[in-house]
Amino acid sequence: MAANDTIADMLTRIRNACLVRHQTTNVPATNMTRSIARVLKEEGFITDFEETSEGIKKFIVLSLKYKGKNRQPIIRNLKRVSKPGLRVYKNRKELPRVLGGIGIAIISTSSGIMTDRQARHQGVGGEVLCYVW
């Protein structure tokens, strides 16, 4: 994994934290990870997120969500779509539906980071960053 792929890094950290049922996980804070965290919170995949800093490094602490008594993670899977080596762009007509609308695709558009649903609503396309379900 390339060190400059902050999104893949973020997804991997969330995936690993969910597997071991951690309450929170830290991801390095960038504008991109901040926006993705906001979308995940709006869509109900995480309870909350806040920024902390250790020295000069800034982190976003994501509070993960679980359901039921055996604490099944709400986030069942995360998939990176557009990679630094191969960018994936879709126009508004080609925007993907994840599991028939159960999951979300996080799209980077000219009007900011949003879900596939919001992008369709606003009639914009963009770079398909990842799928979450």
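Quick summary incoming for the structure in this document. (Residues numbered from 1 in each chain as written. Predicted model: local features only at pLDDT ≥ 70, side-chain atom pairs only at ≥ 80, totals over all residues. Heavy atoms only, no water.)

Attention now goes to the overall build of the protein chain. Of regular secondary structure, the protein chain possesses three helices and 10 strands. Traced from its N-terminal end to its C-terminal end, the protein chain shows the element sequence α-β-α-β-β-β-β-β-β-β-β-α-β. Across its three principal directions, the C-alpha atoms of the protein chain cover 40 × 40 × 25 Å. Sorting the 133 residues of the protein chain into buried and exposed places 41% on the buried side. A separation of at least 24 residues holds for 59% of the contacts in the protein chain among residues at least 6 apart in sequence. When the accessible area of the protein chain is evaluated, it comes to approximately 7,500 Å², of which 51% is carbon and sulfur surface. (Helix = DSSP H or I, 4+ residues; strand = E, 2+ residues; numbered from the N terminus. Buried < 20%, exposed > 50% of the residue type's maximum accessible area, 1.4 Å probe, protein only. Contact = heavy atoms within 4.5 Å. Areas by Shrake-Rupley, 256 points an atom, 1.4 Å probe, with all protein chains shown as cover.)

Looking now at unusual backbone geometry. In this structure, R21 takes a positive phi of about 60 degrees despite not being glycine. Tracing the chain through its elements places R21 in the loop between α1 (6–19) and β1 (24–28). Here R71, not a glycine, exhibits a phi torsion of approximately 45 degrees, which is positive. Within the secondary structure layout, R71 lies in the loop between β4 (66–67) and β5 (72–73).

Attention shifts here to α1. The end-to-end C-alpha separation of α1 is 20 Å, in line with the 20 Å expected for 14 residues at 1.5 Å each. Backbone geometry just after α1 places R21 at a positive phi near 60 degrees. (Expected span 1.5 Å × (residues − 1).)

Where two aromatic rings form a pair, the distance of their centres and the angle of their planes describe that pair. Inspection of the entire model under this criterion finds zero aromatic pairs. Directly above the ring of Y66 sits R71, whose terminal nitrogen or CZ lies 4.4 Å from the centroid. (Phe/Tyr/Trp six-rings, centres within 6.5 Å; stacked < 30°, edge-to-face > 60°. Lys NZ or Arg CZ within 6 Å of the ring centre and 35° of its normal.)

Here we take up the pairing of strand β2 (residues 46–54). Two strands pair when backbone bridges link them, and β2 and strand β3 (residues 57–64) are joined in this way by eight bridges, in the antiparallel orientation. Bridge pairing in β3 links D48 to S63. Linking β2 to β3, which pair antiparallel, is a turn of two residues; within it G55 sits at a positive phi near 65 degrees. (Pairing = 2+ DSSP bridges.)

With that settled, the discussion passes to helix α2 (residues 31–42). Count 3.6 residues to each turn of an α-helix, and residues three or four apart come out pointing the same way. Over its 12 residues, α2 extends 17 Å from the first C-alpha to the last, a length consistent with the 16 Å expected when each residue adds 1.5 Å. T33, S35, I36, A37, V39 and L40 are the residues of α2 that are buried. Among the residues trailing α2, G44 stands out with phi positive, at a value near 80 degrees.

Tracing the chain through its elements places S82 in the loop between β6 (78–80) and β7 (89–90). A polar contact is formed between the side chain of S82 and the backbone nitrogen of V88, at a distance of 2.7 Å. The contact partners of S82, leaving out residues within four places of it in the chain, are R87, V88, E127, V128 and L129. (Polar contact = N/O pair within 3.5 Å; in protein donor to acceptor, adjacent residues only side chain to side chain.)

For G123, the location among the structural elements is in the loop between α3 (116–122) and β10 (126–132). G123 sits 26 residues away from R97 along the chain, and the two C-alpha atoms are 15 Å apart.

Looking now at the environment of I113. Looking at the element boundaries, I113 is found in strand β9 (residues 112–115). You can call I113 buried: its relative accessible area is 10%. I113 sits 49 residues away from L64 along the chain, and the two C-alpha atoms are 20 Å apart. Leaving out residues up to four positions away in the same chain, I113 has contacts with M32, S35, I36, R38, V39, I106, I107, S108 and L129.

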